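# Structural characterization, general
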Amino acid sequence: MTDVVVARIGKAHGLKGEVTVQLHTDAPQERFVPGAAFATEPPERGPLTLRSARLHNGIQLLAFEEAPDRTAAEQLRGTRLLAASTEPDDDEDGWYADDLVGLSVVDTRGAEIGRVVALHTRPAQDLLEVEKADGGTAYVPFVAEMVPEVDVEGGRVVLDPPPGLLDLES
């Protein structure tokens, strides 16, 4: 099993060391239980031991033993929390927004289309937001038929969109 990013710490919340987090897991109630320990990126900020977890107005808040107050919590901003993957190692079709944003976008012939600027997760299917090289924005369903290749190491996403899809503006 490998470690995966399960959250990225945002801003401090309140005075008792809580932080907001951007979730990168489908099972926060299973991942974020008091006493759970997380490796971190960068590694010198961890490991972190979870003191508490709660939802506040739809925002996940976490507190760690190592950050007892707001000042300590503010130092954790931008830290990624890592945990052992619960998925089989052969799942090659899972990407996080952080993996995709910034990748160049090309068509199946290698012609430049633009750059990925966001991944929008939706109940039915995810959408890649592409800033087109010639201006404008395109939203591409993140499905194998339209995105046959994602090469994170190579820094590119290959699109095979149906005619007209890239001409639709938001």
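Structure report, in brief. As the structure is a prediction and not an experimental result, all values here were calculated from the model. (Residues numbered from 1 in each chain as written. Predicted model: local features only at pLDDT ≥ 70, side-chain atom pairs only at ≥ 80, totals over all residues. Heavy atoms only, no water.)

### Some points on the overall build of the chain
Across its full length, the chain holds three helices and 12 strands. When the 170 residues of the chain are sorted by exposure, 37% land in the buried category. Residue pairs in contact within the chain that sit at least 24 positions apart in sequence constitute 48% of those at least 6 positions apart. Total accessible area on the chain stands at roughly 9,900 Å², and carbon and sulfur atoms take up 48% of it. (Helix = DSSP H or I, 4+ residues; strand = E, 2+ residues; numbered from the N terminus. Buried < 20%, exposed > 50% of the residue type's maximum accessible area, 1.4 Å probe, protein only. Contact = heavy atoms within 4.5 Å. Areas by Shrake-Rupley, 256 points an atom, 1.4 Å probe, with all protein chains shown as cover.)

### Some thoughts on the sheet that holds strand β6 (residues 80-84)
In space, the six strands of this closed barrel follow the order β1-β2-β5-β4-β3-β6, with antiparallel pairing throughout. Neighbour-to-neighbour, the strand axes of this sheet turn through a mean angle of 50°, independent of strand direction. Strand direction decides the pairing type here: strand β4 (residues 48-56) and strand β5 (residues 59-64), joined by six bridges, are antiparallel. Directly across from serine 52, in β5, lies its bridge partner alanine 63. (Pairing = 2+ DSSP bridges. Axes fitted to C-alpha atoms, helices over the stretch in contact; angles between N-to-C directions.)

### Focus: the pattern of salt bridges
Considering all chains together, one arrives at four salt bridges under this definition. Between arginine 54 and glutamate 18 there is a salt bridge whose closest N-O contact spans 2.8 Å. Residue arginine 54 is located in strand β4, and its partner glutamate 18 is located in strand β2 (residues 18-23); the two are separated by 36 residues in the primary sequence. (Salt bridge = Lys/Arg side-chain N within 4 Å of Asp/Glu carboxyl O.)

### Side note on the layout of surface pockets
By volume, the second largest pocket amounts to about 160 Å³. In this structure, the second largest pocket is lined by Ile113, Lys132, Ala133, Asp134, Pro161, Pro162, Pro163, Gly164, Leu165, Leu166 and Asp167. (1 Å grid on protein atoms, 1.4 Å probe; cavity = no way out; pocket = protein on both sides within 12 Å on 5 of 7 lines; lining within 4 Å. Points joined across faces, edges and corners; volume = space filled by probe spheres on them.)

### Things to note about the sheet that holds strand β8 (residues 112-120)
Strand pairing in a sheet relies on backbone hydrogen bonds, with the paired strands running either antiparallel or parallel. The six strands lie next to each other as β10-β9-β8-β7-β12-β11, forming an open sheet whose pairing is mixed. Only two strands of the sheet have a single neighbouring strand rather than two, namely β10 (137-141) and β11 (149-151). The sheet shows a mean angle of 35° between the axes of neighbouring strands, direction not considered. As paired elements, strand β7 (residues 104-107) and β8 share three bridges and run antiparallel to each other. Considered in β8, the bridge of serine 104 is made with arginine 115.

### Let's talk about the nonpolar core
Buried together is how nonpolar side chains tend to be arranged in soluble globular proteins. By size, the foremost hydrophobic cluster in this structure holds 19 residues, and its most contacted members are Ile9, Phe32, Phe38, Leu62, Phe64 and Leu81. A total of five residues in this core trace back to one element, the largest contributor, which is strand β1 (residues 3-13). Apart from the residues lying within four places of it in its own chain, the contact partners of phenylalanine 32 are Val6, Ala7, Leu23, Thr25, Phe38, Leu50, Ala53, Leu62 and Leu81. The next biggest cluster of nonpolar side chains, apart from the first, holds 18 residues, and it includes Val116, Val140, Val150 and Leu159. (Core = buried A, V, L, I, M, F, W, Y, C linked by side-chain atoms within 4.5 Å.)

### Side note on unusual backbone geometry
Glycine aside, negative phi is the norm for most residues, and most peptide bonds take the trans geometry. A cis amide bond links glutamate 41 to the next residue, proline 42, at an omega of 0°. When you line up the elements, proline 42 lands in the loop between β3 (37-41) and β4. Across the junction of glycine 46 and proline 47, the peptide omega takes the value 0°, indicating a cis bond. Residue placement: proline 47 occurs in the loop between β3 and β4. Located in the positive-phi region is asparagine 57, a residue other than glycine, with phi close to 55°. Of note, asparagine 57 is situated in the loop between β4 and β5.

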